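A closer look at the structure
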Amino acid sequence: MISPFMREFEFQQPPSVHQHMTTWVAFLRGVNVGRAKRIAMADLRALCESLGHANVRTVLNSGNVVFESRSKSPSALARAFEAALEKTHGFHANTVFITRDSLEQIAYANPLGEPRNPSQFLIAFPYDADAMHKAAPLQARDWSPDRIAFSPDALYLDAAKGLLASALVKEFMRITKVAYTTRNWSTVQKVLNTARGE
C-alpha cells in the first residue's frame, strides 16, 4: 500500500526549465544602419545564447531581440551584453532591456492614441534615468503638426509629414544624442507579437 506521503511525492511534477524566467526585449541602438556596427541576426542570437539566455529570437534586422532569462536586472543585462558585443564584434551599442510586460504597458498607455502612420510614429526608450531630463526641453514648444508625449518610461513622437521632414524628430535626436533608442510603432507591434509567442 502506498502511503499518502509517497503518493504525493510520486505524482509531483518536476519544476519547469522555464520556471521563474522573465521574457525580456533588447533594443540595440544604431546597428545595421550604415556600414558601421554591422551584425548578422544569427550572430546576435548566438551572442545572447552564449550569455545564458534561453529561447532567443530576433525580429527584423535592426537589432531587436526577445529572450528569456532568470535575471531581473536590466542594468546587469545591459552591462554583460554590451561588454560581450564589444569583445566579440568590436563595437559598442547602447542597448535598452525591457520586460515584455513593461513593453506591453508602454504600448497600451500610448497617450497620443492610434498612430496616423505606424511607420512615422516613434516610441523612444531611455537608456538611463537621466535621459528624460535631456528630452524635457522639447515640451516647451508647439511642434504642430507633429506631436510629442511623455510617460514615465518612454517618449512618443508622431511625425505627421515623415521622419526625415520632422523638426521635432531632428531636435530630439540633436539634444538627446545616444540617450534613447527609438522604434516605430510597427516594429514595436512585431516585437510584442514575437514576445507573446504569436
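Every value quoted in this text rests on a predicted model; they were computed, and no experiment measured them. (Residues numbered from 1 in each chain as written. Predicted model: local features only at pLDDT ≥ 70, side-chain atom pairs only at ≥ 80, totals over all residues. Heavy atoms only, no water.)

1. Points about the sheet that holds strand S5 (residues 121-126)
Across the sheet, which stays open at both edges, the four strands sit in the order S6-S7-S5-S8 with antiparallel pairing between neighbours. Each of the sheet's edge strands pairs with one partner strand only, and the pair in question is strand S6 (147-150) and strand S8 (180-184). Averaged over all pairs of adjacent strands, the angle between strand axes in this sheet comes to 20°, irrespective of strand direction. As judged from the four bridges shared by S5 and strand S7 (residues 155-158), these two strands associate in the antiparallel manner. The residue bridging Leu122 from the neighbouring strand is Leu157, located in S7. Sitting on the sheet, helix H6 (residues 167-176) is in contact with S5, S6, S7 and S8, with an inclination near 155° to S8. Helix H7 (residues 185-195) rests against S5 and S8 of the sheet, and its axis sits at about 85° to S8. (Pairing = 2+ DSSP bridges. Helix = DSSP H or I, 4+ residues; strand = E, 2+ residues; numbered from the N terminus. Axes fitted to C-alpha atoms, helices over the stretch in contact; angles between N-to-C directions. Contact = heavy atoms within 4.5 Å.)

2. Digging into the pattern of salt bridges
For the structure shown, the criterion picks out five salt bridges. Between Arg196 and Glu104 there is a salt bridge, with the nearest N and O atoms lying 2.7 Å from each other. Taken together, the residues Arg196 in the segment after H7 and Glu104 in helix H4 (residues 100-108) connect sequence positions 92 residues apart. For Arg196, a relative accessible area of 33% gives the class partly exposed. Of the residues examined, Glu104 reaches a relative accessible area of 26% and is grouped as partly exposed. A salt bridge links Asp158 to Arg147; the shortest N-O distance between them is 2.8 Å. One end of the pair, Asp158, is in strand S7; the other, Arg147, is in strand S6, with 11 residues separating them in the sequence. Residue Asp158 is classed as buried on the basis of its relative accessible area, which comes to 2%. Since its relative accessible area comes to 28%, Arg147 is described here as partly exposed. Overlapping salt bridges bring together Arg116, Arg147 and Asp158 as one network. (Salt bridge = Lys/Arg side-chain N within 4 Å of Asp/Glu carboxyl O. Buried < 20%, exposed > 50% of the residue type's maximum accessible area, 1.4 Å probe, protein only.)

3. Some thoughts on the side chain of Asp158
A polar atom in the side chain of Asp158 sits 2.6 Å from the side chain of Arg116. With residues up to four places along the chain from it excluded, the contact list for Asp158 reads Leu112, Arg116, Gln120, Phe121, Asp146 and Arg147. (Polar contact = N/O pair within 3.5 Å; in protein donor to acceptor, adjacent residues only side chain to side chain.)

4. Re H7
Along H7, the residues that are buried comprise Trp185, Thr187, Val188, Val191, Leu192, Thr194 and Ala195. Structurally, the start of H7 carries an N-cap: the backbone nitrogen of Ser186 is 3.1 Å from a side-chain oxygen of Asn184. Immediately beyond the C-terminal end of H7, within one or two residues, lies Gly197, with a positive phi of roughly 85°.

5. Let's talk about H6
Along H6, the residues classified as buried are Leu168, Val169, Phe172 and Thr176. Looking straight down H6, one finds that the buried residues subtend no more than 95° of arc, so they occupy a single side. Across from the buried face of H6, at angles greater than 90 degrees, the exposed residues are Lys170 and Arg174. Buried positions along H6 lie against S5, helix H5 (131-135), S6, S7 and S8. Where H6 starts, the residue carrying a side-chain oxygen 3.3 Å from the main-chain nitrogen of Leu168 turns out to be Ser166. (Arc of directions from axis to C-beta.)

6. Considering the packing of aromatic side chains
Overall, the coordinates contain five aromatic pairs when judged by the stated rule. Here the aromatic rings of Phe81 and Phe97 are separated by 5.9 Å at their centres, their planes lie at 70°, and the arrangement is edge-to-face. Taken as a pair, Phe81 in helix H3 (residues 74-89) and Phe97 in strand S4 (residues 95-99) lie far apart in primary sequence, 16 residues in all. Every member of this aromatic cluster is reached through a ring pair, and the members are Phe67, Phe81 and Phe97. (Phe/Tyr/Trp six-rings, centres within 6.5 Å; stacked < 30°, edge-to-face > 60°.)

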